[in-house]
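# Architecture at a glance
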Amino acid sequence: MAFRRRSRATATRAWCPSDRRSTPRQATTDSRASLRASPGTQSRVRLTTGCTTTDPPTRTTRTPGHEGADACSVRAAPGSTGQHRAAPGGAWRRGPSGPGAALPSGATPFKGPFAPGHECVARIVEPGPDCTAPTTGDLVVVPWHISCGTCTRCVLGRPSPCERTPRYAMFGLPLGGNWGGMFTERFTVPWAQANVQRLPDGVSPSAAAAASDSLTDACDAVRHGLQPHPAQDIAVLGGLTHGRCACACAASLGAAGVMYVDRDGRRRSIAEGFGATTVDNARELGQRRFPVTTDAAGDPRSLAAALKAAAPGGHCHSIGICFQPAPLPLMTMYMDAITFTTGRPDTPHLADVLHLLQTHSVGPLAAYSHPITFDDLPEALPELPAKPRVLLD
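What you are looking at is a predicted structure, and each value in this text was computed from that prediction instead of being measured.

The rules behind each value
Residues numbered from 1 in each chain as written. Predicted model: local features only at pLDDT ≥ 70, side-chain atom pairs only at ≥ 80, totals over all residues. Heavy atoms only, no water. Helix = DSSP H or I, 4+ residues; strand = E, 2+ residues; numbered from the N terminus. Buried < 20%, exposed > 50% of the residue type's maximum accessible area, 1.4 Å probe, protein only. Contact = heavy atoms within 4.5 Å. Areas by Shrake-Rupley, 256 points an atom, 1.4 Å probe, with all protein chains shown as cover. Phe/Tyr/Trp six-rings, centres within 6.5 Å; stacked < 30°, edge-to-face > 60°. Axes fitted to C-alpha atoms, helices over the stretch in contact; angles between N-to-C directions. Parallel < 35°, antiparallel > 145°, perpendicular 65-115°, else oblique. Nonpolar A, V, L, I, M, F, W, Y, C, P; charged D, E, K, R; others polar. Salt bridge = Lys/Arg side-chain N within 4 Å of Asp/Glu carboxyl O. Core = buried A, V, L, I, M, F, W, Y, C linked by side-chain atoms within 4.5 Å.

This paragraph deals with the overall build of the protein chain. Of the regular secondary structure elements, the protein chain holds eleven helices and 18 strands. Counting over 393 residues, the protein chain shows a buried share of 58%. Counted over contacts in the protein chain with a minimum sequence separation of 6, partners at least 24 positions apart contribute 70%. Accessible surface, the protein chain as shown: approximately 15,900 Å² in total, 52% of it carbon and sulfur.

Below you can see the structure in the form of structure tokens.
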């Protein structure tokens with residue numbers, strides 16, 4: 001991939017790890033220059049609710065930083081002061097999920113400091129010169145991954161392993177370069193025209209922000225499992241927000257019923273609100289088997305239970321991320337012809353998920369926390385029992 005040096009800083013980046021050797025794509029604000037991927041296709045965005053307040057043009061862009069176990073902070077993004085036009089609105093955002101939710105506890109292998117956040121709805125502040133739609137002022141959902149939209153993998157609907165970006169390139173984690181995090185008030189989206197999706201009329205930013213990742217991931221897991229098993233019951237072994245999202249979208253995707261397994265009574269209550277039957281332990285399933293099971297706990301024991309609950313010829317998908325080794329019962333899976341899938345979620349079905357939100361077929365807000373302010377985020381994030389909804393003003 002070719003990169004072009006600009007004469008002035010064009011990208012708003014979150015505060016990232018100090019090892020700048022990890023990627024050539026990080027904006028170099030000290031020299032007032034930046035390196036740009038895919039010239040002319042990046043767009044600046046700002047997180048928003050569509051309110052009518054206006055920022056002063058010299059406002060400093062703030063970003064929370066993950067500093068390590070039990071430590072978060074809010075800081076200014078380097079080089080961001082006074083470089084960008086004002087944009088209307090505060091901002092509703094949600095995240096993090098999956099590994100992001102575990103960051104404050106130190107339960108992941110990702111060490112700070114870096115800027116977290118990989119799900120959001122944003123307002124476009126300044127489109128790149130080749131980005132014709134969406135355009136300035138549009139509300140958009142920004143996918144978690146960095147992808148070009150034109151390579152073979154992207155065209156085949158697998159943008160997360162894009163051939164034109166470093167391996168694992170994404171927002172919110174220092175993998176495949178320092179791309180910043182979506183908890184930052186302003187950031188740059190490479191190849192924006194190929195990636196962002198305009199927020200449909202009638203869909204609130206709060207409801208749609210998880211479509212960047214976890215809501216689309218959960219819907220796709222259920223959809224993929226039901227394709228060979230239409231109108232069947234499914235089992236979801238919960239824990240992460242993805243599990244409640246799977247319950248929220250199951251009926252609209254054709255599931256006959258949902259069995260949700262979770263020790264946490266608050267989370268079971270949320271799943272019941274989505275129409276699921278719940279139990280607090282997988283042992284309560286007894287000998288019952290399901291053609292579609294989903295592990296959404298990120299724990300080897302949950303994964304083992306989801307595989308055990310899969311019926312012969314069934315499909316088990318793991319949404320959760322296991323940060324420790326997870327043995328698989330391969331002999332049983334072989335004999336029962338169990339199909340097992342896992343992997344980082346791609347977003348070719350993002351438009352379908354937004355349509356479900358627009359038609360009120362899916363209403364995921366109950367799975368998230370009460371709204372919290374941006375300034376309260378560092379203290380609130382380690383304590384929240386659910387995926388946070390963050391208000392930026």
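We now examine unusual backbone geometry. It is generally the case that most residues other than glycine have a negative phi and that most peptide bonds are trans. For Trp191, which is not a glycine, the phi torsion comes out positive at approximately 50°. Relative to the helices and strands, Trp191 is located in the loop between β9 (186-189) and α3 (192-195). The buried category is assigned to Trp191, whose relative accessible area is 4%. Phi angles above zero are rare outside glycine, and His360 is one such case at about 60°. Within the secondary structure, His360 is located in the loop between α10 (350-358) and β17 (368-373).

With that out of the way, let us pick up helix α6 (residues 241-250). Across the ten residues that make up α6, a large majority, ten, are buried. Within α6, the full set of buried residues consists of Thr241, His242, Gly243, Arg244, Cys245, Ala246, Cys247, Ala248, Cys249 and Ala250.

Tallying each qualifying case throughout the model produces one aromatic pair. Geometrically, the ring pair formed by Phe171 and Phe187 is edge-to-face, given 5.5 Å between the ring centres and 70° between the ring planes. Here Phe171 is found in the loop between α2 (152-155) and β9, whereas its partner Phe187 is found in strand β9, with 16 residues between them in sequence.

α10 packs onto helix α5 (residues 214-226) with a crossing angle of 100° between their chain directions and a minimal axis gap of 10 Å. Judged on the interaxial angle alone, α10 and α5 are roughly perpendicular. On the side of α5, the interface is formed by Leu215, Thr216, Cys219 and Arg223, while α10 contributes Leu350, Asp352, Val353, Leu356 and Leu357. Among the residues making up the contact of α5 with α10, the classes are represented as six nonpolar, one polar and two charged.

Under the criterion given, the structure shown has six salt bridges. Of the charged contacts, one joins Asp138 and Arg198 as a salt bridge, the two residues approaching to 3.1 Å between their closest N and O atoms. Here Asp138, found in the loop between β7 (121-126) and β8 (139-141), pairs with Arg198, found in strand β10 (residues 197-198); they are 60 residues apart in sequence, far enough to count as distant. Classification of Asp138 by relative accessible area gives buried; the value is 18%. A salt bridge links Arg301 to Asp299, with the nearest nitrogen and oxygen atoms 3.1 Å apart.

Turning our eyes to something else, we now look at the nonpolar core. Counting 41 residues, the largest nonpolar core has Val141, Ala208, Leu215, Val222 and Ile234 as the members making the most contacts within it. Secondary-structure elements contributing two or more residues to this core are β8, α5, β11 (233-237), α6, β12 (257-261), α7 (265-273) and α10. When neighbours within four sequence positions are excluded, Val222 is seen to be in contact with Ile234, Ala246, Cys249, Ala250 and Leu253. By size, the runner-up hydrophobic cluster in this structure holds 20 residues, among which are Ala122, Ile146, Cys162 and Phe171.

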